[in-house]
Amino acid sequence: MPLKPDLPQPEAEQQRVGYAIVGLGQLTVEELVPAVRTSEHAHVVAFVTSETEKGLALARAVGLGENDVYTYDDFEKIAERGDVDAVYIVLPNALHREYVERAAKIGKHVLCEKPLGMNADDARAMVQACGNAGVLLMTAYRCQYTPEHWAARDAVQNVKLGKVKLLDSVHVQVEDHPEAWRLKKELAGGGPLVDVGIYCLNTMRFVLGQEPEWVFAALHQPEGDPRFEEVEESLSFMLGFPGGVMANGLTSYGARTTSTLRVLGEKGSLLMDPAFPYVGVSLSLTDEQGELTPSFPTYDQFSREFDHFAQCIRQGKRPWTPGEEGVQDHVVMDAIYESARTGQVVKLKGGQGKDAFRGTAPEVPGRD
Ligand code: NAD
């Protein structure tokens, strides 16, 4: 099992918030399981998977037993596990809603991977289910928990760049497996927009703390390429924020991995390049005095998420990126697809106030 070898072995700590991880794909095996072992407040106590052998091997690797591995059919048995406080849904997008609702029904708090659902209605139903059950729901937006992204946001919020006028953000990668679930509309809900372009949208909303009032978009879906029979290859969108701030986003499954964010203000600018990798996010700020490239403490993005949600559960607080934050991205992405389909600007509600969909600010390493 490809666990990162240099991490400490798990400890049995009764105080930690216990997670059951649902879905043992690439993200769980390569990132989440190693990350939770570096967290301060969380540990994994169960896995849910259809791949029993893989589940047992992973369980053994983290010091769990065969009774800690459940099948999807057995999911509800987790209700009996007092040590499972939260369920982390790491499945293809189309399955998020089913498992969020099933988790809520058995009274477990839910951390759910992005995109929260398949569209805004789907995501709203998930928020409603968790609200009705009295459990917390957090959307796993890892980039809202990093010191670099918070420093970018602080530079914008503290007007270090002067009045912000323009933003642009790119997130592209090559998806070359025609059979990948990410290319099936029924499983993914959309193409690169909902998978990687969502980071451009979410991060531009995060640094501004505001919501777009209109969107305009166009997409390209090449004929004859089996990868793009159901979803777009590339998509370009424009967002209009309050006060005339304009933002551009570019996303694609056809171009080599690149991720950037740029914010341009009257007195200065910032550049994150790369902006969205798991490790090695880079930020530079430029003003009349010159360029500054701040350094940041070492941290793990996924570990930050595990810990933030664990603290929210213990303290009964609303997470910084609750279900509503996931819904809002779907509202905008639904409008982006509508604009690309109709060729028209789509107006949005806007005007909800600062950080309208967010909860308790997280602890961010190195930030006062
Ligand atoms: P993956 O394909 O590697 O794993 C998917 C898992 O779901 C596998 O364990 C697979 O067995 C299981 N599964 C159950 N039913 C399935 C079905 N009908 N079709 C395909 N797989 C099925 O995917 P992943 O990269 O781990 O992505 C899972 C979720 O995590 C997605 O929602 C994705 O958007 C999200 N994700 C987030 C990040 C991030 O940085 N936050 C990164 C990667 C993926």
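Residues numbered from 1 in each chain as written. Predicted model: local features only at pLDDT ≥ 70, side-chain atom pairs only at ≥ 80, totals over all residues. Heavy atoms only, no water.

### Some points on the site of the ligand
Argument step 1. Around the ligand there are 23 residues in total, and Gln26, Asn93, Lys114, Arg142 and Trp181 lie nearest to it.
Argument step 2. At a separation of 3.1 Å, an oxygen atom of the ligand approaches a polar backbone atom of leucine 91.
Argument step 3. Look at the ligand: alone it shows 830 Å² of surface, and the protein chains cover 79% of it.
Argument step 4. Secondary structure elements with two or more residues in the shell around the ligand: α1 (26-36) and α7 (192-208).
Argument step 5. Looking at the shell around the ligand, its residues break down into 12 nonpolar, five polar and six charged.
Argument step 6. Looking at the shell around the ligand, you find at least three residues from each of domain 1 (13-142) and domain 2 (147-295). (Near = heavy atom within 4 Å. Polar contact = N/O pair within 3.5 Å; in protein donor to acceptor, adjacent residues only side chain to side chain. Areas by Shrake-Rupley, 256 points an atom, 1.4 Å probe, with all protein chains shown as cover. Helix = DSSP H or I, 4+ residues; strand = E, 2+ residues; numbered from the N terminus. Nonpolar A, V, L, I, M, F, W, Y, C, P; charged D, E, K, R; others polar. Domains from an automatic or database assignment.)

### Let's talk about the pattern of salt bridges
Argument step 1. Counted according to the given criterion, the structure contains 23 salt bridges.
Argument step 2. In this structure, the salt-bridge partner of arginine 367 is aspartate 154, at a minimum N-O distance of 2.8 Å. With a gap of 213 residues between them, arginine 367 in the segment after β15 (346-347) and aspartate 154 in helix α5 (residues 147-157) connect regions that are remote in the sequence.
Argument step 3. One salt-bridge network, held together by shared partners, links Arg153, Arg205, Glu211, Glu325, Asp329, Lys354, Asp355 and Arg358. (Salt bridge = Lys/Arg side-chain N within 4 Å of Asp/Glu carboxyl O.)

### A look at the sheet that holds strand β2 (residues 42-48)
Argument step 1. Reading across from one edge, β3-β2-β1-β4-β5-β6 is the order of the six strands in this open sheet, with parallel pairing throughout. Looking at the sheet topology across the chains shown, the edges are occupied by β3 (69-70) and β6 (137-140).
Argument step 2. The pairing of strand β1 (residues 17-22) with strand β4 (residues 86-89) spans four bridges and is classified as parallel. Bridging across to β4, alanine 20 finds its partner in valine 87.
Argument step 3. Of the strands in this sheet, β1, β2, β4 and β5 (109-113) are in contact with α1, which crosses β2 at around 150 degrees. (Pairing = 2+ DSSP bridges. Contact = heavy atoms within 4.5 Å. Axes fitted to C-alpha atoms, helices over the stretch in contact; angles between N-to-C directions.)

### Thoughts on the confidence of the model for the chain
Argument step 1. This prediction gives the chain a mean pLDDT of 95; 96% of its residues lie at or above 70.
Argument step 2. Within the model, the stretch residues 1-12 combines pLDDT values under 50 with 23 contacts to residues more than four positions away or in other chains. (pLDDT = per-residue confidence, 0-100.)

### Some details on the packing of aromatic side chains
Argument step 1. Taken as a whole and assessed by the stated rule, the structure comprises nine aromatic pairs.
Argument step 2. Between tyrosine 278 and phenylalanine 302 the ring centres are 5.1 Å apart and the planes differ by 70 degrees, which places this aromatic pair in the edge-to-face class. A residue pair is termed long-range when its members are at least 10 positions apart, and tyrosine 278 in the loop between β12 (268-272) and β13 (283-287) and phenylalanine 302 in helix α8 (residues 301-315) qualify at 24 residues.
Argument step 3. Judged by its relative accessible area of 37%, tyrosine 278 is partly exposed.
Argument step 4. Owing to a relative accessible area of 4%, phenylalanine 302 belongs among the buried residues under this scheme. (Phe/Tyr/Trp six-rings, centres within 6.5 Å; stacked < 30°, edge-to-face > 60°. Buried < 20%, exposed > 50% of the residue type's maximum accessible area, 1.4 Å probe, protein only.)

### So, the domain arrangement of the chain
Argument step 1. Assigned domains within the chain: domain 1 (13-142) and domain 2 (147-295).
Argument step 2. Each of domain 1 and domain 2 has a C-alpha centre, and these two points are 27 Å apart.
Argument step 3. Summed over both sides, the interface of domain 1 with domain 2 buries roughly 1,100 Å², with 57% coming from carbon and sulfur.
Argument step 4. Three residues, Lys114, Tyr141 and Arg142, lead the burial of domain 1 against domain 2; their summed loss comes to 46% of the area buried on that side.
Argument step 5. Where domain 1 packs against domain 2, one counts one salt bridge.
Argument step 6. Put simply, lysine 114 and aspartate 195 hold a salt bridge, and the shortest N to O gap is 3.2 Å.
Argument step 7. Counting across the domain 1 and domain 2 interface gives seven residue pairs in polar contact (both at pLDDT 80 or more).
Argument step 8. Class assignment of the residues belonging to the side of domain 1 that touches domain 2 gives a composition of six nonpolar, one polar and three charged. (Buried area = accessible area lost by both parts, 1.4 Å probe.)

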